[in-house]
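Next come the chains, spelled out residue by residue.
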Amino acid sequence: MIWNSGWRLASAVSRAGGLGIIGSGSMYPEVLREHVRKCKAATALPFAVNIPMLYPDVDKHIATVIDEGVPIVFTSAGNPATWTGKLKDAGITVVHVTASVKFARKAEDAGVDAVVAEGFEAGGHNGREETTTMVLVPMVCDAVQVPVIAAGGIADGRAMLAAMALGAEAVQMGSRFVCSEESSGHPDFKQHVINSKEGDTILTLKELAPVRLMRNRFYEEVQQAYATCAGPEELRRVLGRARAKRGMFEGDLEQGELEIGQVGAALNDILPAGTIVTNVMEEFVEARRKLATLDIA
Ligand code: NDP
């Protein structure tokens, strides 16, 4: 959710009854502080900050969330053992995002309060194992005692109910909120997601950090590099710097990195975040009602 989830989106989701999350991976330390303060001013309800462990100034982000009294932190893309203790000592609830059973166990051993089990369908950084949400969530639920939050491919209430049937206690949704009015993503990026079809996203760059993105000219350049048996160094050169900003924030649909989940193909509208939360809950209730009418005797 880098470049998409700032204080505006996070506070709108929290006000609607969800838990809004600020994506800090694209923010300089002083920018994160500003977003946290604006989020606190916009809602008295709890919200969270996601901190990717591979962020270059991760220690500064950790200091900011502690100083500012952020109640919940989602850590991702790295070792949960590094910061969980410090965050917990500060009274913060810690959730770690994992894409495999092995890392879910590691997160539990590190003392986290919950884990996100995020499947292969998800946008952005993703697991190397390519385990789908349908397969991953029950495996993680069987492997750990802490609550499991399902993610990857969930954009409506039907999928939320399905995730809960698999054992999850909650769901995390990204792509659906990229296409919200409050997302800070570029309008052209949001519209591009709305126009997208099945098969338009792909998981690539496993040699660096696996990422699901939309196929475009930049992706073709990555493919050309693979065709010449490029190693990590050459792939890093092709990736260059600030591709994600260029694509998702500046709206360069050809040369930017456009991170979105497979479920982007199912999205048809850009809605206020509060409407998305309300719709998901109504769809969830309706799907549960329908299931209850199944005659399975
Ligand atoms: P790049 O190295 O290609 O670019 C860095 C980008 O992050 C630039 O756009 C820069 O903004 C911005 N930035 C914010 N804070 C800092 C900082 N302290 N030092 C340097 N740059 C900073 O990385 P990515 O765009 O791929 O990712 C940026 C961060 O987001 C990384 O920490 C990464 O772990 C995290 N992240 C990436 C995801 C992905 O799938 N790419 C998903 C989730 C998190 P400016 O151009 O204004 O200098």
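Residues numbered from 1 in each chain as written. Predicted model: local features only at pLDDT ≥ 70, side-chain atom pairs only at ≥ 80, totals over all residues. Heavy atoms only, no water.

### Regarding unusual backbone geometry
The backbone of A77 sits at a positive phi, close to 50°, despite the residue not being glycine. Position of A77 among the secondary structure elements: in the loop between β3 (72–76) and α4 (84–89). Despite not being glycine, L205 has its phi angle at roughly 55°, a positive value. Residue placement: L205 occurs in the loop between β9 (201–204) and β10 (211–214). (Helix = DSSP H or I, 4+ residues; strand = E, 2+ residues; numbered from the N terminus.)

### A word on the pattern of salt bridges
Scanning the model with the defined rule gives 15 salt bridges in all. For the salt bridge of D200 with K197, the shortest nitrogen-to-oxygen distance reads 3.9 Å. What makes K197 exposed here is its relative accessible area of 55%. Close ionic contact of R217 with E254 constitutes a salt bridge, the shortest N to O distance being 4.0 Å. With a gap of 37 residues between them, R217 in helix α10 (residues 217–227) and E254 in the loop between α12 (243–249) and α13 (273–292) connect regions that are remote in the sequence. Taken together, the shared-partner salt bridges connect R33, R37, K40, D67 and E68 into one network. (Salt bridge = Lys/Arg side-chain N within 4 Å of Asp/Glu carboxyl O. Buried < 20%, exposed > 50% of the residue type's maximum accessible area, 1.4 Å probe, protein only.)

### Here's the deal with the site of the ligand
Taken together, the neighbourhood of the ligand is formed by 20 residues, with G25, Y28, L54, A242 and E259 sitting nearest. In this structure, an oxygen atom belonging to the ligand sits 2.9 Å away from a main-chain N or O atom of G25. Between the ligand and K245 there is a distance of 2.9 Å, counted from an oxygen atom to a side-chain nitrogen or oxygen. Burial of the ligand by the protein amounts to 80% of the accessible area it has alone, namely 860 Å². Contributions of two or more residues to the shell around the ligand are made by β6 (124–125) and α12. Its residues placed into classes, the shell around the ligand shows 11 nonpolar, 4 polar and 5 charged. In terms of domain composition, the shell around the ligand takes at least three residues from each of domain 1 (7–184 + 266–292) and domain 2 (187–263). (Near = heavy atom within 4 Å. Polar contact = N/O pair within 3.5 Å; in protein donor to acceptor, adjacent residues only side chain to side chain. Areas by Shrake-Rupley, 256 points an atom, 1.4 Å probe, with all protein chains shown as cover. Nonpolar A, V, L, I, M, F, W, Y, C, P; charged D, E, K, R; others polar. Domains from an automatic or database assignment.)

### Some details on helix α6 (residues 133–143)
When we look at burial in α6, the residues that qualify are T133, L136, V137, V140, C141 and A143. Across the axial projection of α6, the buried residues extend over an arc of 165°, all falling on one side. Across α6 from its buried face, at more than 90 degrees, point the exposed residues M134 and D142. Contact partners of the buried residues in α6: β4 (93–98), α5 (101–109), β5 (114–118), β7 (148–151) and α7 (157–165). (Arc of directions from axis to C-beta. Contact = heavy atoms within 4.5 Å.)

### Some words on the packing of α7 against α13
Interaxial distance between α7 and α13 falls to 7 Å at its minimum, and their mutual angle equals 60°. Here α7 is positioned oblique relative to α13, judged by the angle of their axes. Where α7 crosses over α13, the two elements pack in a sense that is right-handed. Residues G157, R158, M160, L161 and M164 of α7 lie in contact with α13, whose contacting residues are V280, M281, E283, F284, A287, R288 and L291. (Axes fitted to C-alpha atoms, helices over the stretch in contact; angles between N-to-C directions. Parallel < 35°, antiparallel > 145°, perpendicular 65-115°, else oblique. Left-handed = near helix turned anticlockwise from the far one by under 90°.)

### Some points on the domain arrangement of the chain
According to the domain assignment, the chain consists of domain 1 (7–184 + 266–292) and domain 2 (187–263). Using only C-alpha atoms to locate each centre, domain 1 and domain 2 end up separated by 22 Å. In this assembly, 25 residues from domain 1 lie in contact with 20 residues from domain 2. When domain 1 packs against domain 2, the two sides together hide about 1900 Å² of surface, and 57% of this comes from carbon and sulfur. On the domain 1 side of the interface with domain 2, the three residues burying the most area are G124, R128 and V178, jointly 24% of the side's total. Summed over the shared surface of domain 1 and domain 2, the number is 1 salt bridge. Counting every contact that joins domain 1 to domain 2 gives 13 residue pairs in polar contact (both at pLDDT 80 or more). Those elements that provide at least two residues to the side of domain 1 that touches domain 2 are β6 and α8 (175–178). The class makeup of the residues in the side of domain 1 that touches domain 2 is 9 nonpolar, 11 polar and 5 charged. (Buried area = accessible area lost by both parts, 1.4 Å probe.)

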